[in-house]
Amino acid sequence: MNVLLTGGTGYIGSHTALVLSQFGHQVTLFDNLSNSKKSVVARIENIIGRSCSFVEGDVCDTALLTATLAEYSIDAVVHFAGLKAVGESSENPIDYYFNNVQGSISLIKAMETQGIRTMVFSSSATVYGSPQQLPLKEEHPTDPANPYGRSKLHIEEMLNDLAQSNQDWRVVCLRYFNPVGAHDSGLIGEQPQGTPNNLMPLITQVAVGQRSELRVFGNDYPTGDGTGVRDYIHVMDLADGHAAALEFLKESSGWHAINLGTGFGHSVLEVIQAFKTVNGCEVPYRFAPRRIGDVPEYYADPGKAGKLLNWSAKRGLDDMCISALKYQNLVEKAS
Ligand code: NAD
Ligand code: UFG
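Starting afresh in each chain, residues are numbered from 1 along the sequence in its written order. As they are written, the chains are lettered A onward and the ligands numbered 1 onward, keeping that order. The predicted origin of the model limits local features to residues at a pLDDT of at least 70 and limits the giving and counting of side-chain atom pairs to 80 or more, whereas totals for whole chains, interfaces and linings rest on all residues. With hydrogens and water set aside, each side-chain value is computed from the structure's full complement of heavy atoms.

Peer 1: Mind showing me how you'd approach the site of ligand 2 here?
Peer 2: One heavy atom within 4 Å of a molecule or strand is enough for the residue carrying it to be called near that molecule or strand. Near ligand 2 you find 23 residues, and of these Phe177, Asn198, Arg215, Arg230 and Asp294 are the closest. In the environment of ligand 2, an oxygen atom lies 3.0 Å from a nitrogen or oxygen atom belonging to the side chain of Tyr298. Alone, ligand 2 offers 680 Å² of accessible surface; in the complex the protein occludes 89% of this. Runs of E in the DSSP output that reach at least two residues are strands. Runs of H or I that reach at least four are helices, and both are numbered from the N terminus. Among the secondary structure elements, those contributing two or more residues to the shell around ligand 2 are helix H7 (199-207) and strand E8 (214-217). For the shell around ligand 2, the element with the most residues is E8, which contributes 3 residues. Just so you know the grouping, Ala, Val, Leu, Ile, Met, Phe, Trp, Tyr, Cys and Pro go in nonpolar, Asp, Glu, Lys and Arg go in charged, and all remaining residues, Gly too, go in polar. Tallied by class, residues from the shell around ligand 2 come to 12 nonpolar, 6 polar and 5 charged. Under this definition, polar contacts are N or O atom pairs within 3.5 Å; protein pairs additionally need one hydrogen-donor-capable and one acceptor-capable atom, and for neighbouring residues in sequence, both atoms have to be side-chain atoms. Methods summary: accessible areas were calculated by the Shrake-Rupley approach with a probe of 1.4 Å, and residue burial reflects only the protein chains presented.

See the structure below:
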């Protein structure tokens, strides 16, 4: 298939581009480079051993999207493009609704114009809000706690309405848990602009001495060791999940929300310990107050992904920690 990846030079998009290419799909990356670099395209080409099309543009530009869908004879779209910083979304909510929701409307309009009605959408476990029971199943009520999460839920609902209005639409909303790690080559990975918000990029920056210590937010949660527990998933497993979703959509119409997680939670201290052990390095940390908005614990029930997509996560926490540091070392060398 010819597949358009909006946000394709970003962290998850670039890893998915590799997997889809290796699966035999022809990928076209579409990105405005607001949170990624064009050099990622050459790195993807280096790994897959062939060229990869790239269009610089904004998903809010419906005309450019329409022309791109036509030029590359696109059959399906994986829609990653969006803003994703939870804290920033509370400061600038309208940016989040504009970029994420309006961007998705623009994409849907362009797809309708071209008669393309297959989409895999990057959603998030954040749509569930504070868990009422664990593990989180897809039927769990949705109640996101911030504008970022609400923008994701709005898009999910919009896509659901669309699929109900026209039986030709085939949509999978993948609800990611906590993606971490990088491709084995260390050539692509997560490169946040400015200060990272997420745990793993902060750990790698501390490990290479870019930061003096990690702050562990909260050690008094009702969890095994008092620190927050999350379902960390290797980004390559997540990428495999997109290939599986596209296969599923060849045979299935309608709208589907599907968790992509491992089903296992790890505490912050467990992640730090695993990182130190497999990489043989120090990660100095100190306990700090709880971060506002954090929940103590959540992890996925990945059963639906197993059943519908024939997918399950294969890689463990050790792989996530090794590959994350390998990528960080490459970033260090390049800078
Ligand atoms: P990322 O920022 O690395 O990638 C997003 C890409 O989209 C970037 O390359 C950025 O330049 C591009 N982009 C943003 N707005 C755009 C626009 N208007 N037009 C064109 N391109 C645009 O983020 P990521 O971690 O790869 O996340 C990809 C998707 O997955 C996002 O939608 C995010 O909300 C979702 N998600 C991420 C996580 C996570 O922890 N990384 C968790 C759950 C869901
Ligand atoms: N943490 C620290 N110190 C830090 C950063 C994080 O102790 O400096 C802790 C957090 O308190 C939490 C855990 O590490 O217990 C994971 O935090 P992250 O910020 O890495 O991830 P979150 O679970 O808070 O949120 C992430 C994404 C969201 C997404 C959500 C679900 O940032 O966008 O996963 O997919 F919605």
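That shown, we press on.
Peer 1: Would you mind going over the environment of Leu18 with me for this structure?
Peer 2: Structurally, Leu18 is set in helix H1 (residues 11-22). Note: C-alpha distance between Leu18 and Ile48 (30 residues apart in sequence) is 6.5 Å. In this analysis, two residues are considered to be in contact whenever any of their non-hydrogen atoms come within 4.5 Å of each other. Not counting chain neighbours up to four residues away, the residues in contact with Leu18 comprise Ile44, Ile47, Ile48, His183 and Ile188.

Peer 1: I keep staring at the packing of helix H5 (residues 93-114) against helix H6 (residues 147-165) and nothing clicks. Help me out?
Peer 2: A packed helix pair is summarised by two numbers, namely the angle formed by the two axes and the spacing between the axes. Interaxial angle, 0 to 180 degrees, is taken between N-to-C directions of lines fitted to C-alpha atoms, where a helix line uses only the stretch in contact. Contact geometry of H5 with H6 gives a least axis separation of 9 Å together with a crossing angle of 20°. Our classification of the angle between H5 and H6 gives roughly parallel. Viewed along their axes, H5 and H6 form a crossing whose handedness is right-handed. Facing H5, whose interface residues are Pro93, Tyr96, Tyr97, Asn100, Val101, Ser104, Ile105, Ile108 and Glu112, H6 presents Pro147, Tyr148, Arg150, Ser151, His154, Ile155, Met158, Leu159 and Leu162. Its residues placed into classes, the contact of H5 with H6 shows 12 nonpolar, 4 polar and 2 charged. Oblique is the label for any angle not covered by the other classes, which are roughly parallel (under 35 degrees), roughly antiparallel (over 145) and roughly perpendicular (65 to 115). In a left-handed crossing the near helix is turned counterclockwise from the far helix by less than a right angle, and in a right-handed crossing that turn is clockwise.

Peer 1: Would you mind going over the side chain of Thr28 with me for this structure?
Peer 2: By the secondary structure assignment, Thr28 is in strand E2 (residues 26-31). Ignoring sequence-local partners within four residues, the contact set of Thr28 consists of Val3, Leu4, Leu5, Ser53, Val55, Thr68, Tyr72 and Ile74.

Peer 1: Sorry, what's going on with the site of ligand 1 here?
Peer 2: Within the structure, ligand 1 sits among 26 residues, and Asp31, Asn35, Ser36, Phe80 and Tyr148 are positioned closest to it. For ligand 1, an oxygen atom lies 2.8 Å from a polar atom in the backbone of Ile12. Within the contact set of ligand 1, an oxygen atom lies 2.7 Å away from a backbone nitrogen or oxygen of Phe80. Here ligand 1, which alone exposes 820 Å², has 95% of that area covered by the protein. Of all the secondary-structure elements, those providing two or more residues to the shell around ligand 1 are H1, strand E5 (118-124) and H6. Looking at the shell around ligand 1, the element that brings in the most residues is E5, giving 3 residues. The residue makeup of the shell around ligand 1, split by class, is 9 nonpolar, 13 polar and 4 charged.

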